[in-house]
Amino acid sequence: MADGHQHPIEHRFNPYAENGGTVLAIAGADFAVIAGDTRQTEGYSIQTRYAPKVFKLTDRAVLAVNGFQADCSEFVKRVMQRIEWYRHAHSKQMPLKAIARMIQTMLYGKRFFPYYTYNILGGIEEDGTGAVYSFDPVGSYEREACRAAGAASSLIQPFLDNQIYFKNQTPAPGAAPFVPGNLPIDVVLPIVIDSFTSATERHIEVGDGLEMFVVVAKGRDVSQLASLNAEEIPATNPGEERVFIVRRELKKD
Amino acid sequence: MDHFPLSWGRPRNEAVDLYSTYPIHERQRHGQQHDAFAEGVQRTQQPLVTGTSVLALKYKDGIMMAADCLASYGSLARFKDITRLHAVGQYTLIGAGGDMSDFQYLQHLLNDLMIDEYTSDDGHKLGPDEIYHYLSQVMYARRTKMNPLWNTMLVGGFKDGQSFMGYVDLLGTTYTASTLASGYGAYIAQPLLRKAVEGRETTLTEEQARAIIQECMKVLFYRDARSLNKYQIATVTERGVEIGDAISSDTEWAFAEKIAGYGGQP
Amino acid sequence: MTREPQTQQQDSHKLTVFRNTYDSDNTVFSPQGRLHQVEYALEAVKQGSAAVGMRSKTHAVLLALKRSSGELASYQQKMFRIDDHVGIAIAGLTSDARVLSNFMRQQAMSSRMTFNRPVPVNRLVSAIADRAQVNTQEYGRRPYGVGLLVIGQDQSGPHLYEFSPAGNSYEYFAMSIGARSQSAKTYLEKNFEAFEACSLEDLVRHGLHALRETLQQDKELTIHNTSIGILGPAGVHEQATAASLGKEGVFRILEGESIQPYLDSMLPKEVPAPVHAPGAAAAPAPAPAGGEPAGEAAPEAAPNPGEEMPGALPTDDDVNMG
């Protein structure tokens, strides 16, 4: 337009920010690990060294959420209230796959003003298997064996592709073919820890602390967790699935 | 027929003569009339009268907060005796940077809330964490309406033997930590605060805390062009909220004489 | 209920006899200054099976008698969880109770959403009482046909409130509502001074004794017809689930096998001692009792329907009444 330059250039308020950090989840045969660092940043500033990004939703579901912090905490609160209402209405805890579908509808419900959040849901399905669901900000989702999201996802995901999905690996001659999603817990947890220590080295928005939630199926042996200083989060319905949390320090520089 | 697809379905803008229907000197001037939608609801798109950094830290007896007394109008030091620290009830203190009129609106909102709580008179008092949560919900709701309250605020408090400190801004972003600094202070003062406070939250005395805060305010005054060497320090402890009188730091400017391009030196 | 046509005719004849001119509209006072629709609503509460509530220094408990409409039917739900720190027991129209409990759940959730605070129990009860009051004053509405006992805990410890369709709410040391609740009240009045220092197990035993008083001659409390709601730290019989209840002890409803140990702790019923205490309530807790619930108001000439009307006597199998 000829006279366009006479009008002030529009400065629109930007309702989003990016608060760093990274999350990941890995499914086992009868357990799932959901982890996230605890650093929160804006630009080059560390806002706090302890801002949890991983939340227990039910005895069998844990949600990791990453992206714009204000959207993240609002979204988690809304998910938790929907789950509470499900408990009121049905007198039982919401199943994992139902939570996954609910999260998809909640995210898509704000398709045209999205929650800027990357969600990873992990836990135990009704059939007792470990599961991971990953979402994009507007609700596309799928069940997977593992997923990394957030600031360092591009550093961690290729590593997980190799270690969990056995990409670019070949079974030894005569050995059984690889099946993703069946690694034992004492292999998975070191992979999680290594992912985060590596991401901390190479990404300025990752570090400070690591929180790993481990959800185990009903009746599963948990002796491996004892040596890791795992702390059990009391269950709403004792005797069913159990949730543990393992904490580690990450570098703070 | 308008041949520009981008214009289809939009109100016709008579101010623009796309096809040069009229010679330049005959073009119709419609004064202020341009985009009919632009004159609808007015929203804050930028802050006008602004406050700068707020600092806060935890110490042995509770929390301490500081903010200077300046409200700037752009680069003009417009109001030099305003207070940016505000008590909410007997356990909570808020320090605000950013737009001062939005802050005054929030002060009214919180006062109304506290009056409602006081009126119910049932022994339930809102604690600092609850007021912080409420405030962050208000800030987030307004950003979601694309009509933000242009502030960054620190909330500090002490209730039932517990200290609390949190940050909330115009986007609804929140976090808690044992040292907080908003605005320019996040770059200049936060590293000093962390070095002095982290790991000593339960042992620092009030005198030590005050010395740390004063040092940070002095450094900010040296470095922040929108600051004023006149500031208030407030504490929240078992005694409640105490907002001190305005004070200033001793500063040293003799070195300036020797800097070329500053003052007398050519 | 099926009746012979003739009986029905007789009944309607009787109803005409007792027909009250001032009871068709809750916005009109009777010449005696009474709102009959509101009083009928209080009668609906009495048609529901009994519920007992009580508190000690550390715990608040609810006990309720569940009805079943027959061998083939399940038992009516008498208790609802509102939040971790609030639970209710109901007597009267179950469907009305569900509306109220949904409202209470919304209030509890919105308090957590805006302030991250468990809703103060007294404010929650006041909120439903205010809603009930509107129904006693606005044209075209009807009062709730249900009474509630609400237990909750906050910084000041455990609490017990009664909510009535009249729009009242009072705090109590112990209270009972529903069919034959007067017998339970008599027991509570006799024993309530001991409750303050009771352990959870002793408190529940007192509650079961009170609830037992409301039973018909040939009935007894079983694991099928009894619900127990508890707020407060885990008791002796709950050690297996103690961790999940937390330090404060979230609201939980015990039903079925889990209440057997409590039933076993009951003492045999005393030979009916002719105790007849006046007044309805066991001393309202903190000082001034603003007045007795409206249903218990001074007797007046107007008929008190329900009790007096032969056709409207409560039946134990009314499926709408929990």
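This text follows the structure it describes.
Residues numbered from 1 in each chain as written. Chains lettered and ligands numbered in written order. Predicted model: local features only at pLDDT ≥ 70, side-chain atom pairs only at ≥ 80, totals over all residues. Heavy atoms only, no water.

Undergrad: A description of the packing of aromatic side chains should follow, citing residues and the corresponding values.
TA: As enumerated under the stated definition, the model contains 17 aromatic pairs over all chains in all. Geometrically, the ring pair formed by A:Tyr133 and A:Tyr141 is tilted, given 6.0 Å between the ring centres and 40° between the ring planes. For A:Tyr133, a relative accessible area of 7% translates into the label buried. For A:Tyr141, a relative accessible area of 26% translates into the label partly exposed. Its guanidinium or amino end placed over the ring of B:Tyr91, B:Lys159 lies 5.4 Å from that ring's centre, counting from NZ or CZ. Across the ring face of C:Phe115, the terminal group of C:Arg117 is positioned such that the distance to the ring centre comes to 5.3 Å. (Phe/Tyr/Trp six-rings, centres within 6.5 Å; stacked < 30°, edge-to-face > 60°. Buried < 20%, exposed > 50% of the residue type's maximum accessible area, 1.4 Å probe, protein only. Lys NZ or Arg CZ within 6 Å of the ring centre and 35° of its normal.)

Undergrad: Give a description of the side chain of A:Ser134 that names residues and reports values.
TA: Residue and element names in this part refer to chain A. With respect to the secondary-structure elements, Ser134 resides in strand 8 (residues 130-135). Among the residues examined, Ser134 registers a relative accessible area of 8% and is labelled buried. Of note is the side chain of Ser134, whose polar atom sits 2.5 Å from the side chain of Glu144. If near-sequence neighbours (up to four positions away) are discounted, Ser134 is found in contact with Asn119, Ile120, Ser140, Tyr141, Glu142, Glu144 and Arg147. (Helix = DSSP H or I, 4+ residues; strand = E, 2+ residues; numbered from the N terminus. Polar contact = N/O pair within 3.5 Å; in protein donor to acceptor, adjacent residues only side chain to side chain. Contact = heavy atoms within 4.5 Å.)

Undergrad: If you had to explain the interface of chain C and chain A to someone new, which residues and values would you point to?
TA: Taken together, the contacts link 13 residues of chain C with 12 residues of chain A. Among the residues of chain C in contact with chain A, C:Arg81, C:Met109 and C:Met113 are the three that bury the most area, contributing 56% of the side total. For the interface between chain C and chain A, the tally reads 1 salt bridge. Taking the shortest distance from any N to any O, the salt bridge between C:Arg81 and A:Glu84 comes out at 3.3 Å. In this assembly, chain C and chain A are joined by 5 residue pairs in polar contact (both at pLDDT 80 or more). Where the side of chain C that touches chain A is concerned, the elements lending two or more residues are strand 3 (79-83), helix 3 (94-115) and helix 7 (242-245) of chain C. With 6 residues, helix 3 of chain C is the single largest residue contributor to the side of chain C that touches chain A. (Buried area = accessible area lost by both parts, 1.4 Å probe. Salt bridge = Lys/Arg side-chain N within 4 Å of Asp/Glu carboxyl O.)

Undergrad: Give a description of the sheet that holds strand 11 (residues 209-216) of chain A that names residues and reports values.
TA: All names here are of chain A. Overall, antiparallel pairing links the 6 strands, which are arranged 10-1-2-11-13-12 in an open sheet. The two strands at the open ends of the sheet, each matched to only one other strand, are strand 10 (146-150) and strand 12 (231-233). The average undirected angle you get between the axes of adjacent strands in this sheet is 20°. Across 5 bridges, strand 1 (residues 22-27) lies against strand 2 (residues 31-37) in antiparallel orientation. Bridge pairing links Ile26 to Val33 in strand 2. (Pairing = 2+ DSSP bridges. Axes fitted to C-alpha atoms, helices over the stretch in contact; angles between N-to-C directions.)

Undergrad: Which residues make up the interface of chain A and chain B, and what values go with them?
TA: Contact with chain A, which involves 27 residues of that partner, is made by 24 residues of chain B. Both faces combined, the contact of chain A with chain B buries some 2000 Å², and carbon together with sulfur accounts for 51% of it. Our enumeration of links across chain A and chain B arrives at 2 salt bridges. For the salt bridge of B:Glu198 with A:Arg49, the shortest nitrogen-to-oxygen distance reads 3.8 Å. Across the contact surface, chain A and chain B share 10 residue pairs in polar contact (both at pLDDT 80 or more). Take the side of chain A that touches chain B: its biggest share by element is 5 residues, from helix 1 (residues 69-90) of chain A. Here the side of chain A that touches chain B is composed, by residue class, of 11 nonpolar, 9 polar and 7 charged. (Nonpolar A, V, L, I, M, F, W, Y, C, P; charged D, E, K, R; others polar.)

Undergrad: Account for the pairing of strand 11 of chain A, with residues named and values stated.
TA: Taking burial as the measure, the 8 residues of strand 11 of chain A include 8 buried ones, the bulk of the element. The two faces of strand 11 of chain A match: A:Gly209, A:Glu211, A:Phe213 and A:Val215 on one face and A:Leu210, A:Met212, A:Val214 and A:Val216 on the other face are all buried.

Undergrad: Account for the packing of helix 1 of chain A against helix 2 (residues 128-144) of chain B, with residues named and values stated.
TA: Running from amino to carboxyl end, helix 1 of chain A crosses helix 2 of chain B at an angle of 110°, the nearest separation of the two axes being 11 Å. For the element pair helix 1 of chain A / helix 2 of chain B, the angle class is roughly perpendicular. From helix 1 of chain A, A:Ala70, A:Asp71, A:Glu74 and A:Lys77 reach across to helix 2 of chain B, where they touch B:His133, B:Gln137, B:Tyr140 and B:Arg143. The class makeup of the residues in the contact of helix 1 of chain A with helix 2 of chain B is 2 nonpolar, 2 polar and 4 charged. (Parallel < 35°, antiparallel > 145°, perpendicular 65-115°, else oblique.)

Undergrad: Now, about the sheet that holds strand 9 (residues 141-144) of chain A: what can you tell me, with residues and values included?
TA: All names here are of chain A. Here we have 5 strands laid out as an open sheet, ordered 5-6-7-8-9, and antiparallel in their pairing. Among the strands making up the open sheet, the edge pair consists of strand 5 (54-58) and strand 9. On average, each strand axis in the sheet is inclined to that of its neighbour by 25°, with strand direction left out of account. Sheet analysis places strand 6 (residues 61-67) next to strand 7 (residues 117-124), joined by 7 bridges and oriented antiparallel. Bridge pairing in strand 7 links Asn66 to Tyr118. On the sheet, helix 1 packs against strand 5, strand 6 and strand 7 and is oriented at approximately 10° with respect to strand 5.

Undergrad: Kindly report on the environment of B:Gln190, identifying the contributing residues and their values.
TA: Residue and element names in this part refer to chain B. Structurally, the position occupied by Gln190 is in helix 4 (residues 190-197). Look at Gln190 and you get buried, because its relative accessible area is 4%. Between the C-alpha atom of Gln190 and that of Ile212, which follows or precedes it by 22 residues, the distance is 11 Å.

Undergrad: Requested: an account of helix 4 of chain B, with residues and values cited.
TA: Every buried residue belonging to helix 4 of chain B is among B:Gln190, B:Leu193, B:Arg194 and B:Val197, and all of these are buried. One side of helix 4 of chain B carries all its buried residues, which in axial view fall inside an arc of 100°. On its buried face, helix 4 of chain B sits against strand 4 (45-48) of chain A together with strand 2 (54-59), strand 11 (179-181), helix 3 (185-188) and helix 5 (206-223) of chain B. Two residues or fewer past helix 4 of chain B, B:Gly199 is found with a positive phi of approximately 85°. (Arc of directions from axis to C-beta.)

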